[in-house]
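# Architecture at a glance
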Amino acid sequence: MEQPLFRHNKPGRSVTFDEYRAEGGFVALAKAMQGLSPDQVQQAVIDSGMRGRGGAGFPTGKKWSFVPRNLPGPRWLICNCDEMEPGTYKDRVLLEANPYSLLEGMVLACYAIGVRHAFIFIRRGYEQAAANLRRGVAECLQAGLLGENILGSSFSCDIDVHVSAGRYICGEETALMNALEGKRANPRSKPPFPAVKGLWGGPTVVNNAESLANVPGIIANGPEWFKGLARTPEAAGMKLFCISGHVAKTGCFELPLGMPLGEIIEGPCGGMRPGSRFKACLPGGASTPFFTEEHLHIPMDFDPVAKAGSRLGTGGIVVFDQDTCMVAATLNLTRFYARESCGWCTPCREGLPYVNHVLETIEAGKGSEEHITILREHVKLLNNAFCALAPGAMGPVDGLLRHFMDELREHIVKGRCPCKKDLCQN
Amino acid sequence: MIPTQLRTRLEQHVAAAVTSREAAVQVMKELQGHYGWLTDEAVGEAAQLLGLSPLQVEELATFYEMIYRRPVGKRVVHVCDSISCWAMGGESLLAQLAAHLGIGPGETTGDGMFTLLPCCCLGNCGESPTMMIGDNLYGWLTLEKAVEILQQESRSMME
């Protein structure tokens with residue numbers, strides 16, 4: 001199994017600049033600088049079929065193509081590495097092992113879009129990853145792979161590393177741009193879309209770190225190679241899946257897109273931990289509706305997961321065993337979202353604490369049938385929020401209502417949490 | 001007043017930015033590093049450096065989880081309370097740590113050493129439950145292991 005992102009990994013340490021270069025790193029950049037036009041680089045990424053790895057799954061190349069060609073003034077590329085979706089840690093693992101694929105991918109993206117100055121927006125807490133990136137930037141500058149006249153060409157570009165100070169909403173691309181500008185990170189209205197009017201009013205592309213890190217492989221080996229990496233004909237490329245919770249072996253694995261959920265758990269994760277049976281999981285981070293046993297055969301790719309009623313999201317799979325109370329799990333998630341709401345719009349600021357209160361009431365054994373109706377209504381109502389935070393927050397609530405209605409009702413009927421573990425304190 | 005050396009460095013950050021306020025988070029962090037938390041004086045200094053009003057700095061400072069607008073201990077213990085850590089017993093770890101330190105979440109120990117703060121996902125979900133102290137991320141925690149880490153952190157501050 002080919003692993004374009006993890007193939008440079010060294011056990012217990014980061015790959016060095018020299019090792020990365022000796023193992024075929026920067027070959028794609030050299031190829032582009034010597035003989036590919038920006039349009040050809042962009043076309044290769046479009047043809048590869050790669051969909052964004054940050055959560056929304058928008059095709060990366062298509063996003064680039066939305067940047068108007070002949071607009072005067074600077075345009076910008078931002079790498080979104082504000083990885084704060086609970087259950088997600090793939091970008092940290094990637095960058096702690098190897099910052100160079102991302103840097104090379106960013107230079108290629110800048111070349112394709114015509115960007116002179118790019119940013120990496122990385123979250124607080126990823127200090128090792130940020131240090132690797134800063135070191136990588138300095139090494140690339142030194143080697144002529146970044147800065148003025150890259151590899152002797154007429155193309156120049158710079159990359160700045162911006163370390164944030166901890167706030168989930170900064171990962172929303174328009175909020176991220178406000179954060180980067182030094183403003184309070186409330187989301188902006190769309191349209192205008194960032195590709196037309198983004199950072200400091202200029203055309204801007206925001207891509208996830210994993211998406212950008214995959215660009216060198218696509219340029220070096222071609223779009224067909226990338227497509228062929230996936231398990232199914234519809235999917236394209238490998239994906240970093242990071243698994244946490246009650247499996248035997250948690251970790252971040254680079255696996256073909258389209259691998260069935262059950263195979264990921266039974267294979268790289270070594271099944272469930274001793275004494276645990278699979279009950280449910282969040283298939284793609286904290287904002288995705290739960291999957292249950294009936295979904296273990298679903299290929300982990302964007303469309304099949306969506307068709308089955310959830311989202312591939314970030315690839316952060318959080319697994320729960322038979323003793324987990326799904327009401328309490330959902331409550332933990334809504335508490336997170338209520339706290340992380342930026343407060344900008346009313347549905348999110350007022351709605352999430354209310355949903356949280358209703359779940360608390362049910363979990364405490366004081367719920368009634370009416371509370372279920374309220375939850376149902378709010379799954380719909382919070383779609384009216386300004387950005388994707390509140391609808392995302394309602395993903396697990398939606399999953400709870402669809403898959404665990406019996407368990408939810410049992411809380412109401414028995415007047416207490418029926419689960420035995422100390423996870424539920426009531 | 002902040003030391004000249006720090007002021008010069010902060011002025012350099014501001015000068016290197018595309019617009020001066022782009023450097024706001026960096027400036028607030030370094031001032032916090034100097035004072036221990038973002039004091040009223042630090043907010044004033046930041047405002048002056050960034051060409052903002054103190055209120056504009058306040059609006060940013062209160063937005064971020066890792067900018068402290070109240071006094072904190074020498075070491076701030078951020079214990080993750082998000083879903084993966086919750087599934088692995090993070091809730092009871094936080095309660096046990098609070099009992100061990102004799103403080104509630106959000107409080108500081110009497111000797112001024114530790115402030116205990118629950119926080120958002122630290123991106124260490126594969127090694128949950130997890131906590132962060134300073135720039136150090138700690139995973140696979142048990143109460144015993146966490147207490148040992150606190151002792152180490154405490155010793156490193158004494159030296």
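What comes next is a walk through the structure. Because the structure is predicted, anything quoted here is derived from the model rather than measured.

Turning next to the packing of helix α2 (residues 27–35) of chain A against helix α6 (residues 100–113) of chain A. Residue and element names in this part refer to chain A. Two elements in contact, α2 and α6, have axes separated by 9 Å at closest approach and are oriented at 20°. Classified by the angle between their axes, α2 and α6 sit roughly parallel to one another. The two elements α2 and α6 cross, and the hand of that crossing is left-handed. Across the interface between the two elements, V27, A28, L29, A32 and M33 of α2 pack against E104, V107, L108 and Y111 of α6.

A separate point is the layout of surface pockets. All names here are of chain A. Reported here for the largest pocket is a volume of approximately 1,200 Å³. As for the largest pocket, its lining consists of 50 residues, of which G54, A56, G171, E172 and E173 are closest to the centre. Looking at the lining of the largest pocket, the elements that each hand over two or more residues are α4 (60–65), β1 (76–81), α5 (90–97), α8 (173–180), β4 (204–208) and α17 (389–403). No other element matches the five residues that β4 contributes to the lining of the largest pocket. Looking at the lining of the largest pocket residue by residue, the class counts come to 18 nonpolar, 20 polar and 12 charged.

Moving on: the sheet that holds strand β7 (residues 278–282) of chain A. Working definition: the strands of a sheet are paired by backbone hydrogen bonds and lie parallel or antiparallel to each other. Residue and element names in this part refer to chain A. With mixed pairing, the five strands of this open sheet are ordered in space as β6-β5-β9-β7-β8. Edge positions in the sheet fall to β6 (251–256) and β8 (291–292), since each of these pairs with one other strand and no more. Inspection of the sheet shows β7 paired to β8 by two bridges, in the antiparallel sense. The residue bridging A280 from the neighbouring strand is T292, located in β8.

Let us look at helix α18 (residues 405–414) of chain A. All names here are of chain A. Every buried residue belonging to α18 is among M405, E407, L408, H411 and I412, and all of these are buried. Elements that come into contact with the buried residues of α18 comprise β7, α14 (326–340), α15 (346–363), α16 (369–381) and α17. Of the residues flanking the end of α18, it is G415, one or two places downstream, whose phi is positive at about 70°.

Let's shift gears to empty space enclosed by the protein. For the coordinates displayed, the defined rule picks out two cavities of 30 Å³ or more. Around the largest cavity sit I169(A), P187(A), S341(A), C342(A), G343(A), W344(A), C345(A), C348(A), A385(A), F386(A), C387(A) and L389(A), which together line it. In the lining of the largest cavity, the residues fall into 10 nonpolar, two polar and no charged. Lining of the second largest cavity is provided by G87(A), C80(B), S82(B), I83(B), S84(B), C85(B), C121(B), N124(B), C125(B) and T130(B). Residue contributions to the lining of the second largest cavity peak at three residues, all from helix α5 (residues 83–87) of chain B.

Between chain B and chain A, the residue contacts involve 37 residues of the former and 55 residues of the latter. Interface area, chain B with chain A, both sides summed: about 3,700 Å², of which 57% is carbon and sulfur. When the buried area of chain B at its contact with chain A is split by residue, F63(B), I83(B) and W86(B) rank highest and sum to 21% of it. Counting every contact that joins chain B to chain A gives two salt bridges. Between chain B and chain A we count 19 residue pairs in polar contact (both at pLDDT 80 or more) in total. Of all the secondary structure elements, the ones that give two or more residues to the side of chain B that touches chain A are α2 (24–35), α4 (54–61), α5 and α6 (90–101) of chain B. Element by element, the count of residues in the side of chain B that touches chain A is highest for α5(B), at four residues. Residue composition of the side of chain B that touches chain A, by class: 20 nonpolar, nine polar and eight charged.

So, about α14(A). In this model, α14(A) (15 residues) spans 21 Å end to end at C-alpha, consistent with the 21 Å of a helix rising 1.5 Å per residue. Taken across its 15 residues, α14(A) has 12 buried, putting it largely inside the fold. Taken together, the buried positions of α14(A) are occupied by M326(A), V327(A), A328(A), A329(A), T330(A), L331(A), N332(A), L333(A), T334(A), F336(A), Y337(A) and E340(A). Of the surrounding secondary structure, the elements contacted by the buried residues of α14(A) are β7, β9 (316–321), α15, α17 and α18 of chain A together with α5 of chain B.

Residue and element names in this part refer to chain A. With the rule as written, the count across this model stands at 17 aromatic pairs over all chains. On the basis of an interplanar angle of 85° and a centroid distance of 5.0 Å, the ring pair of Y20 and F26 is categorised as edge-to-face. The exposure classification of Y20 matches that of F26, with both residues buried. Of the aromatic side chains, those joined through ring pairs into one cluster are F17, Y20, F26 and Y100.

For the rest of this paragraph, the subject is the state of the cysteines. Under the defined criterion, the tally for this structure stands at zero disulfides over all chains. Note on C269(A): no disulfide assigned, nearest cysteine sulfur contributed by C242(A) at a separation of 10 Å. Looking at C269(A), the relative accessible area reads 0%, which means it is buried. For the unlinked cysteine C125(B), the closest cysteine sulfur is that of C121(B), found at 3.6 Å. Looking at C125(B), the relative accessible area reads 3%, which means it is buried.

Definitions and limits used
- Residues numbered from 1 in each chain as written.
- Chains lettered and ligands numbered in written order.
- Predicted model: local features only at pLDDT ≥ 70, side-chain atom pairs only at ≥ 80, totals over all residues.
- Heavy atoms only, no water.
- Axes fitted to C-alpha atoms, helices over the stretch in contact; angles between N-to-C directions.
- Helix = DSSP H or I, 4+ residues; strand = E, 2+ residues; numbered from the N terminus.
- Parallel < 35°, antiparallel > 145°, perpendicular 65-115°, else oblique.
- Left-handed = near helix turned anticlockwise from the far one by under 90°.
- Contact = heavy atoms within 4.5 Å.
- 1 Å grid on protein atoms, 1.4 Å probe; cavity = no way out; pocket = protein on both sides within 12 Å on 5 of 7 lines; lining within 4 Å.
- Points joined across faces, edges and corners; volume = space filled by probe spheres on them.
- Nonpolar A, V, L, I, M, F, W, Y, C, P; charged D, E, K, R; others polar.
- Pairing = 2+ DSSP bridges.
- Buried < 20%, exposed > 50% of the residue type's maximum accessible area, 1.4 Å probe, protein only.
- Buried area = accessible area lost by both parts, 1.4 Å probe.
- Salt bridge = Lys/Arg side-chain N within 4 Å of Asp/Glu carboxyl O.
- Polar contact = N/O pair within 3.5 Å; in protein donor to acceptor, adjacent residues only side chain to side chain.
- Expected span 1.5 Å × (residues − 1).
- Phe/Tyr/Trp six-rings, centres within 6.5 Å; stacked < 30°, edge-to-face > 60°.
- Disulfide = S-S within 2.5 Å.

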